[in-house]
Amino acid sequence: MSDMGAARPSYDPQDPFAPTAVRSMLQIASPAEAGLRMGPIEKIYLIWLAGGSCDGCTVAVVAATQPPVEKLIAGLVPGLPRVELIHPGVALEAGAAFTENLAMAERGELDAPYLIVWEGSVFENDSSGEGAFYRLGQDRDGRTTSSTEWLSRLAPNAAAVVAIGSCAAWGGIPAAQGNVTGSVGVMDFLERDYRSALGVPVVNIPGCSPVGDNFMETAAGVLLFLQGMGPLPEFDELGRPVWIFGETVHRRCPRGGYYEEGIFAEAYGEKECLVELGCWGPVVQCNISERGMVNGIGGCMNIGGICIGCTMPGFPDKFAPFYAVPPGTLVSATTSRVFGGFIRRMRGVTQQDKNITGRWEGKDKPSGWARFQSRPTKSAKLVHKLYRAYQNTKIGN
Ligand code: SF4
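Residues numbered from 1 in each chain as written. Predicted model: local features only at pLDDT ≥ 70, side-chain atom pairs only at ≥ 80, totals over all residues.

Visitor: Looking at this model, I keep getting lost on the site of the ligand. Mind explaining?
Guide: His250, Cys253, Cys273, Cys279 and Gly281 are the nearest of the 14 residues found near the ligand. In terms of residue class, the shell around the ligand is made up of 10 nonpolar, three polar and one charged. (Near = placed C-beta within 6 Å. Nonpolar A, V, L, I, M, F, W, Y, C, P; charged D, E, K, R; others polar.)

What follows is the structure, encoded as structure tokens:
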């Protein structure tokens, strides 16, 4: 199955196109970098592999800021080991020199532990007939290998396996109805008893594409754990970081106040809650509305888009057709309209009162900006009076 035992190619570690793992062995930490190490691990290899992917997860991680990936690669994040990235899309080396990195990991020849980060669905190559989906190099006997095979070979000795994006976590779009490639998520592929060399089940960072900072923050937490500098971050029963995916989009949405007061957008471009346009935010676990997409900017409903459930295992089939109103919306939106509408009106009355200082009571507004002078109605005055009396009893207590 593997190329172990065959004659090994030799590479010059000073050749910029030699395997990353070979070149890395020559690299000596700068004094600035060495001063930031606080744990036993000086560096760690991050082996990035892909299956059925659009490369969106790579783009998302390249855009991360907390911490930025280039600081991890430069070893400049305090406490964390330097990360040696082995990525088929950004590596300087190609062909056999690239897959030599993977072979070295399999043979146990790397001079540091390795993490696997998997992007895209895992292809079931039985359905590819004579071929293979996502071929990734050859063994030295000329046999073609696939990225799926490399996952099987490298996962047992990895310090941890992280599935980035919904395709890697759950199967995602490649595993949608029809699924001609037999796509599954990493967790399904490695099966529930899988544990990494350090005893960690598969970590899932879903999203299509995921938020880059969700990945970086989780990776940093896992690296601190590997350094012995903190506990293993908390994950839920599906391997998602709890602090990221423990709440719904809706609870953190900037449009949530409109929902609560029963005010809904009727068309894209309006500022109110989007639930009647098909938003699934009330049930979807994701932090995009709070964190934004890149460096706090963007993110679905922040820029006017509905939530289509892309972080969830049921995506996409259980959220299709996108842009149709979710089934429970009639009940929840009507309830919000009735109760939220009443509360909104009551708040309006209170707001009117709080826009007047005691010195202006019974007088016209002193501002030259006031186009017309409005006085509270008798019923509003009565409500204010009762409310004030109640407030005073509280102050008195
Ligand atoms: Fe909730 Fe979606 Fe409305 Fe935001 S836009 S408040 S997530 S239903």
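Visitor: I keep staring at the domain arrangement of the protein and nothing clicks. Help me out?
Guide: Many descriptions give the size of an interface as the accessible area lost when the pieces come together. As assigned here, the protein comprises domain 1 (20-243) and domain 2 (247-355). If you average the C-alpha positions of domain 1 and of domain 2, the two centres end up 34 Å apart. Each partner contributes to the interface: domain 1 provides 15 residues, whereas domain 2 provides 12 residues. Residue classes in the side of domain 1 that touches domain 2 are distributed as eight nonpolar, six polar and one charged. (Domains from an automatic or database assignment. Contact = placed C-beta atoms within 7 Å.)

Visitor: What is the right way to read the sheet that holds strand 1 (residues 43-50) from this model?
Guide: Within a sheet, neighbouring strands are paired by backbone hydrogen bonds and run either parallel or antiparallel to one another. The strand order across the open sheet built from five strands is 2-1-3-6-7, with neighbouring strands paired in parallel fashion. This sheet does not close on itself; its edge strands, each paired only once, are strand 2 (82-86) and strand 7 (203-205). Mean inter-strand twist for the sheet, computed between neighbouring axes without regard to direction, equals 25 degrees. Across six bridges, the pairing between strand 1 and strand 3 (residues 114-119) is parallel. Counted as the bridge partner of Trp48 is Val117 from strand 3. (Pairing = 2+ DSSP bridges. Helix = DSSP H or I, 4+ residues; strand = E, 2+ residues; numbered from the N terminus. Axes fitted to C-alpha atoms, helices over the stretch in contact; angles between N-to-C directions.)

Visitor: Before we go on, may I ask you to explain the environment of Ile41 in this structure?
Guide: Structurally, Ile41 can be placed in the loop between helix 2 (31-34) and strand 1. The partly exposed category is assigned to Ile41, around which 16 C-beta atoms lie within 10 Å. Once the C-alpha coordinates of Ile41 and Leu80 are considered, the two residues, 39 residues apart in sequence, prove to be 8.1 Å apart. In contact with Ile41, other than residues within four places in its own chain, are Pro81, Ala112, Pro113, Leu226 and Gln227. (Buried ≥ 20, exposed ≤ 12 C-beta atoms within 10 Å, placed from the backbone.)

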